[in-house]
Amino acid sequence: MSLTAGIVGLPNVGKSTLFNAITKKNILAANYPFATIDPNVGVVTVPDKRLEFLNNLYVPASLVPTAYEFTDIAGLVKGASQGEGLGNKFLSHIREVDAIVEVVRCFSDKDIIHVENSVDPIRDIEIINLELILADLEIIESRLGRVSKKALTTKDKDSLKEIEVLTKIKEALEKNIPARRVELDEEELELLKSFHFLTLKPIIYMANISEEDLLNDGNSYVDKVREYAKGENAKVIPVCAKMESELAELNDDDKIAFLNDLGISESGLDRLINATYDLLGLATYFTAGSDECRAWTFKKGMKAPACAGIIHSDFERGFIRAEVMSYEDLVKYGSEKGVREAGKMRLEGKEYVMQDGDICHFRFNV
């Protein structure tokens, strides 16, 4: 699936350090604004313990996790929508992503400068929100100016509907309410799709904290971000980007030992990756056998033929049926044979909506 989460934030909040840790890429992470001038795209694998179980059960020749893209976007500053910093270029990069991970500085460190000269996570969030709102308003006003005349003279039904929906979004934005918080039906969302509104994109807040605060599950700054995020039903994931950067250098066994020593069951990045995967509306199905066990990403709501097409277009074109068992049933009965004997192996046709954790064998003919 070619879906991307974009990492945004003010300069020097830990975005590039986080991105380096996520993708294990060695991009420039410097203590000054605009260290990242062009967006950096990295593919991140999705941690999934179910794949470990399949690996132990089938002992395949290869094991392939699923993945999706993260894009690191250079730091926004106040006035970006008017071209401050590298403003419009950055905003256009955000427009291209499907979901936003907003990194918020929730740590104090006199050695790391803050572009606003003090630590205030809510102010920082609102600076970015305002720039995204202003950018969306500019698009709406431009579009309304073009379409209004046509609608008034021709009474064209589609144009009138477009004006109605854009006006609804405009009124919210003028009250400092992002478009994602506006109640919209499927028809309205479809109509807005082509505008790529920045404030319509789903969001997660990543609170960058110190290692000490991580062990306490946050601090007073994080509490403020959590309270703010409640208003838009968004998740907040506390992460220590500095520690994650160190973890990224370790092999899996050393990483587990390191986390165990700290009394942490899962790294902040693993939680962030899984939360973002869910935010993008993604889920995982598996194919399993002695040759290969593999996780495949699909968009929730996709039917079996389209999911088969993710493997190869011929699978979708010649789809006959899917042989499906759930991961939970495989764990419960211990083997494919056990699942069959329990009557839990299913044959699903073209209308079957794929579920997260399905283990599939597709039958097709072309």
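In the block above lies the structure referred to throughout.
My aim in this report is to walk through the structure given alongside it, one point at a time. (Residues numbered from 1 in each chain as written. Predicted model: local features only at pLDDT ≥ 70, side-chain atom pairs only at ≥ 80, totals over all residues. Heavy atoms only, no water.)

Digging into the pattern of salt bridges
Applying the stated rule across the entire model yields 25 salt bridges. Where Glu164 meets Lys161, a salt bridge forms, and the shortest distance between an N and an O atom there is 3.8 Å. Separated by 3 residues within a single helix, Glu164 and Lys161 lie in helix α5 (residues 157-174), roughly one turn from each other. Here Glu336 ties to Arg340 by a salt bridge, and the two come within 4.0 Å at their closest N and O atoms. In this pair, Glu336 and Arg340 both sit in helix α15 (residues 336-341), 4 residues apart, roughly one turn of the helix. Because the salt bridges share partners, they merge into one network encompassing Glu323, Glu336, Arg340 and Arg363. (Salt bridge = Lys/Arg side-chain N within 4 Å of Asp/Glu carboxyl O. Helix = DSSP H or I, 4+ residues; strand = E, 2+ residues; numbered from the N terminus.)

Quick word on helix α12 (residues 304-311)
Those residues of α12 that fall on the buried side of the exposure criterion are Ala304, Pro305, Cys307 and Ala308. Along the long axis of α12, the arc covered by the buried residues comes to 160°, so they all point the same way. In this structure, the buried residues of α12 make contact with β8 (282-288), β9 (292-299), α13 (313-317), β10 (319-326) and β12 (358-364). (Buried < 20%, exposed > 50% of the residue type's maximum accessible area, 1.4 Å probe, protein only. Arc of directions from axis to C-beta. Contact = heavy atoms within 4.5 Å.)

Focus: the packing of aromatic side chains
Scanning the model with the defined rule gives 10 aromatic pairs in all. Ring centres of Tyr285 and Phe298 lie 6.0 Å apart, and the angle between their planes is 45°; on these two criteria the pair is classed as tilted. Taken together, the residues span a long stretch of sequence, with Tyr285 in strand β8 and Phe298 in strand β9 at a distance of 13 residues. A single burial state applies to Tyr285 and to Phe298, both of which are buried. Pairing Tyr285 with Phe362 gives two aromatic rings, centres 5.8 Å apart and planes at 90°, and the pair type is edge-to-face. Here Tyr285, found in strand β8, pairs with Phe362, found in strand β12; they are 77 residues apart in sequence, far enough to count as distant. (Phe/Tyr/Trp six-rings, centres within 6.5 Å; stacked < 30°, edge-to-face > 60°.)

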